[in-house]
Amino acid sequence: MERIESTDVLVIGGGLAGERCAMEAAAAGLRVTILSLVPPRRSHSCAAQGGMQAALANCFMAEGDSPDLHFLDTVRGSDWGADQEVARIFADNAPIAVRELAHFGVPWTRVRPGPNQYHIKGEKVVIDEPAHKAGMIMHRDFGGTAKWRACYAAAGTGHAALYAVDGEVVRLGVDVRDRAEALSLVHDGGRCWGAVTRCLRSGRLGVTLARSTVIATGGYGRIYGQYTTNATINEGTGASLAMDTGLVPLGNMEAVQFHPTGLWPSGILVTEGCRGDGGYLLNREMERFMVELEPAKQELASRDVVSRHMMQQIIDGKGVDHPAGPHLWLDLRHLGVEHLTTKLREVFEICRDFLGIKPWEELIPVRPTQHYSMGGVRVNKDGEAYSLAGLYAAGEAACWDMHGFNRLGGNSLAETLVAGRIVGQKVAEMTRRVPLQVDTGTASEFLDRDRDRVRAWLERSGEGRSVYAIRDAIGEIMINKVGIFRTGSDLAEAVEELRALHDEVDRAVLGCKDPGVNPELSFALRLKGMARLALVTAMGASARTESRGAHCRVDFPDRDDANWLNRTLVRWGREDSDPDFEYEPVGLLDLPPGHRGYGKASHVEMTDTLDDYNGAVIDEQRRHGMRDPGQPVGSELKPGAWRDAEARAGIKAIGTGRSR
Amino acid sequence: MTARKLTFEIFRFNPEDPESEPRMQAFTLEEEPYMTLFRALNRIREEQDSGLQFDFSCRSAVCGSCGMMVNGRPTLACKTLTSDLAATVRLHPLPAFKLIGDLSVDTGTWFRAMAEQVGAWVHERAPFDPAAVEEPMDDELAAAIYESDRCIECGCCVASCGVANVRPGFVAPAGMNRIARFMMDPRDARADTDWFEVISDDDGVFGCIGLMACHDVCPKELPLLEVYAYLRRKALGTAFLRKG
């Protein structure tokens, strides 16, 4: 039996961002319902390993750190694609988020006073940790940061954080529907009123009406088929839900991160903390190639830069042969048994379970692997979706947008909790102002459409390919033609081939028509959305004729601030034949575009003055559907606050481009 | 060397299908190098029977979705290499949990109920102060809490437990581990006497009959034997003090 029910706040996705958001609404006395594909503790947040960035400045190598430096690192990491206001809100609130997790019980690794041995840039060093910081939250080094900043619980940081936050969700009595998904958003053209749902125990459809709806479904890594570190559930369902409305744009879908150290060939992640703690990358000649290529940061340049150097080694024939294709080595041998079985315990377990090796004795085969979706549902700084009231997004599903074209390691865990807190507060505030005003006819209309989709899948017969064959074909195109190095000709082919596969989804035939949940039908209902996400990712990459962060066009190698200092927005309703691409300014520029301090040094300078650029931002973004944010929560842009931050911390300033 | 031909005998039953009857069904596959049960089961579903139900998510032994009985022993399927198994592999769903279909069971409902039963969250001593720095904690203690916190709630210990299989209210090894984790956490306000109410009956530590299969099957190698001993000691100590 289908049923229509109502709640105050519907959160789609039970990972860290969704649950942290749900906590705020529940604590404010609202009824909250979470839909989660899996029991929430199995969400992909649990797989985050190495750390969560927050400038607590607790250990010796973190001395002088500040949210100002965290802001600078994040904006440079983004290759100036980030919304700097959001980066500032984030950096200022990350310390609160980490300390709040300590309050919820996360067993953060703590500072051990006295002599501690570390590996820094290939050297074994002993550092005296200060006595007055004894027992404070410890940091480890990560890529693209000026200071040691990543707070961690061994290599199970995401797991510990997720269990602590889910404990709070249980305490607050939040109604969690595990094994449930949303098939469509219910909306009246101006406001979102919940979603059509499907139970993954019984296959039954229903509608959950809500005064506010939050998308927190994580990334779309699985459009890269098996070439991803992501869990099998990271199919971009939230981005699809939003795009299907035809109203809400997705931002920067072409901004896709490749993590340098996916295990080869399984794609399982091994944390950046391995390199943060002193691990090396080696080629077939056992050379530490990163030392020469990136003298300043070595293995700890940003992920986009390290991944490109690694792929270039492989292209240059310096990869190690393997039946599935060449790879490189991650060398952790010098870190020793003690460190690898405690501070990097989860990495040791992965090596033992999936490779049958001891990482203190043998090398680990790695290759850059799709890892993170910088793109997602475009929202304002309060987390409100463009162009559709009552809809919010947070975490990896959102394009908030603090990561721009490259996310720094450890910034995503921190984002889920900072955004969850801030967006959750806004959701609580706004929900109280909005009575549920939707007629059941609207709900029934959306329900009927989804019932028809289900029926069409079950009734179709013929000679079509299987949904799995189409999924695999999409993945091969994405990794081979929309991967780390991109060219106009590859992308044009990818767009054509993905378009054909997108059309073919409607001819695919199911092998299983059994009643109940039917795993093949569940996947089939998501496949069209995945094909649509893959296509707009490829089209966005094809249109963007520059290289910025993780988007690397071999045929347009420079970052082009004259023409492309902007964010891609794409809208594509389910019934529309073609997607519609537009571009908006990235946001207010506080740190002027310049050199990141690693990677390629040259770029095309912007032609507008900073004042002209900044003067047009708000009106331009409004024109593209941005909803005016309310009073800022947590923090706001502090123009120029970064100016002396590096000098104060004793860091030689790197290129910050032109000043005003 | 020619690849082995593997036979998978898999429990089948779809409770949502009135025509479905519980049965075992055999599938054959050619073995691949480094083949895990994640790979094998997905190949069977995608190539031979697309209705086959099972659960995987992270496929890297951290999410706990894929607990199942492999040749009668509960374990995580994703990290089970076929090369470690004989050519015939028998797969059943975990007992003690409600069956959803085939190899898929409802661990979510069980673990949520357990979390509510033991109060599996830090019972705060004072509200969080966003302006304050964190309370210091000795790193040794943090590491000890982390050791227990590593449980991924896969349900293997529950499935292996002679008591949990017959007594639905029993907190089971995972629940006892959860209790021990919060008991040793100084941030939690609950005193030993508060815990006494939670653990000192047949649904708690005195329900355990000490078979300790849980300790042997835990895929994360949690020291469940020590957890059990710790809780017995705590409960007896508290009982003694109460009497005294």
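What you are looking at is a predicted structure, and each value in this text was computed from that prediction instead of being measured.

**Describing the overall build of chain B**
Phase 1: Of the regular secondary structure elements, chain B holds eight helices and seven strands.
Phase 2: Its C-alpha atoms give chain B principal-axis dimensions of about 65 × 40 × 35 Å.
Phase 3: For chain B, with 244 residues in total, the buried portion stands at 57%.
Phase 4: Here the analysis covers contacts within chain B between residues at least 6 apart in sequence; of these, 63% occur between residues at least 24 apart.
Phase 5: For chain B, the exposed area adds up to about 10,700 Å²; of that, 54% sits on carbon and sulfur atoms.
Phase 6: Separation of charge centres in chain B, based on 26 positive and 37 negative side chains, amounts to 3 Å.

**Comments concerning empty space enclosed by the protein**
All names here are of chain B.
Phase 1: Applying the stated criterion to the full structure yields nine cavities of 30 Å³ or more.
Phase 2: Estimates place the volume of the second largest cavity at around 150 Å³.
Phase 3: Put simply, the parts of the chain that give the lining of the second largest cavity at least two residues each are helix H5 (172-183), helix H7 (213-217) and helix H8 (224-243).
Phase 4: The biggest single contributor to the lining of the second largest cavity is H8, with three residues.

**So, the environment of Cys63 of chain B**
Phase 1: Structurally, the position occupied by Cys63 of chain B is in the loop between helix H1 (37-47) and strand S3 (67-70).
Phase 2: Remark: the alpha-carbon pair of Cys63 of chain B and Glu124 of chain B, spanning 61 residues in sequence, is separated by 27 Å.
Phase 3: If sequence neighbours within four positions are ignored, Cys63 of chain B has contacts with Arg41, Arg42 and Cys46 of chain A together with Ser57, Cys58 and Ile152 of chain B.

**Structural notes on unusual backbone geometry**
Residue and element names in this part refer to chain A.
Phase 1: In this model, Trp264 is joined to Pro265 through a cis peptide bond whose omega is 0 degrees.
Phase 2: Following the sequence through the fold, Pro265 ends up in the loop between strand S13 (256-263) and helix H6 (273-276).
Phase 3: Phi at Ala57 is positive, roughly 55 degrees, even though this residue is not glycine.
Phase 4: The topology assignment puts Ala57 in the loop between strand S3 (52-53) and helix H2 (67-77).
Phase 5: You can call Ala57 buried: its relative accessible area is 16%.

**So, helix H4 (residues 157-171) of chain A**
Residues and elements named next belong to chain A.
Phase 1: The terminal C-alpha atoms of H4 lie 21 Å apart, and with 15 residues this matches the ideal 21 Å at 1.5 Å per residue to within 8%.
Phase 2: Counting buried positions over the 15 residues of H4 gives 14, a clear majority of the element.
Phase 3: At the exit of H4 stands Gly173, carrying a positive phi of roughly 70 degrees.

**Structural notes on the pairing of strand S9 (residues 180-187) of chain A**
Residues and elements named next belong to chain A.
Phase 1: Within S9, eight of the eight residues are buried, which leaves the element mostly enclosed by the surrounding structure.
Phase 2: Here S9 runs beside strand S10 (residues 192-199); their pairing, made up of six bridges, is antiparallel. Within S10, the position partnered with Leu185 by the bridge is Ala195.

**Considerations on the interface of chain A and chain B**
Phase 1: The interface of chain A with chain B comprises 75 residues on the first partner and 67 residues on the second.
Phase 2: Taking both partners together, chain A and chain B bury about 5,500 Å²; carbon and sulfur atoms supply 49% of that area.
Phase 3: On the chain A side of the interface with chain B, the three residues burying the most area are Arg42, His103 and Phe354 of chain A, jointly 13% of the side's total.
Phase 4: Summed over the shared surface of chain A and chain B, the number is 13 salt bridges.
Phase 5: Residues Arg179 of chain A and Asp55 of chain B are paired through a salt bridge, measuring 2.7 Å at the closest nitrogen-oxygen approach.
Phase 6: Connecting chain A to chain B are 41 residue pairs in polar contact (both at pLDDT 80 or more).
Phase 7: Looking at side-chain class alone, the side of chain A that touches chain B contains 33 nonpolar, 19 polar and 23 charged residues.

**Regarding the confidence of the model for chain B**
It should be kept in mind that the predicted coordinates are not to be read in detail where pLDDT is low.
Phase 1: In this model, chain B carries an average pLDDT of 95, and 99% of its residues clear a pLDDT of 70 or more.
Phase 2: Complex prediction metrics read pTM 0.97 and ipTM 0.97.

**Observations concerning the packing of aromatic side chains**
Phase 1: Here the structure, examined in full by the defined rule, presents ten aromatic pairs over all chains.
Phase 2: Note on Tyr224 of chain A and Phe258 of chain A: the rings are 5.7 Å apart at their centroids and 90 degrees apart in plane angle, and the pair reads as edge-to-face. One end of the pair, Tyr224 of chain A, is in the loop between strand S11 (205-215) and helix H5 (237-244); the other, Phe258 of chain A, is in strand S13, with 34 residues separating them in the sequence.
Phase 3: A relative accessible area of 0% places Tyr224 of chain A in the buried class.
Phase 4: By relative accessible area, Phe258 of chain A is classed as buried at 4%.
Phase 5: Residues Phe54 of chain B and Phe56 of chain B carry aromatic rings whose centres are separated by 5.5 Å and whose planes lie at 70 degrees to one another, so their mutual orientation is edge-to-face. In this pair, the class of Phe54 of chain B matches that of Phe56 of chain B, namely buried.
Phase 6: Three or more aromatic residues link up through ring pairs in this structure, and these residues are Phe38, Phe54 and Phe56 of chain B.

Thresholds applied
Residues numbered from 1 in each chain as written. Chains lettered and ligands numbered in written order. Predicted model: local features only at pLDDT ≥ 70, side-chain atom pairs only at ≥ 80, totals over all residues. Heavy atoms only, no water. Helix = DSSP H or I, 4+ residues; strand = E, 2+ residues; numbered from the N terminus. Buried < 20%, exposed > 50% of the residue type's maximum accessible area, 1.4 Å probe, protein only. Contact = heavy atoms within 4.5 Å. Areas by Shrake-Rupley, 256 points an atom, 1.4 Å probe, with all protein chains shown as cover. Lys, Arg positive; Asp, Glu negative; His and termini not counted. Charge placed at Lys NZ, Arg CZ, Asp CG, Glu CD. 1 Å grid on protein atoms, 1.4 Å probe; cavity = no way out; pocket = protein on both sides within 12 Å on 5 of 7 lines; lining within 4 Å. Points joined across faces, edges and corners; volume = space filled by probe spheres on them. Expected span 1.5 Å × (residues − 1). Pairing = 2+ DSSP bridges. Buried area = accessible area lost by both parts, 1.4 Å probe. Salt bridge = Lys/Arg side-chain N within 4 Å of Asp/Glu carboxyl O. Polar contact = N/O pair within 3.5 Å; in protein donor to acceptor, adjacent residues only side chain to side chain. Nonpolar A, V, L, I, M, F, W, Y, C, P; charged D, E, K, R; others polar. pLDDT = per-residue confidence, 0-100. Phe/Tyr/Trp six-rings, centres within 6.5 Å; stacked < 30°, edge-to-face > 60°.

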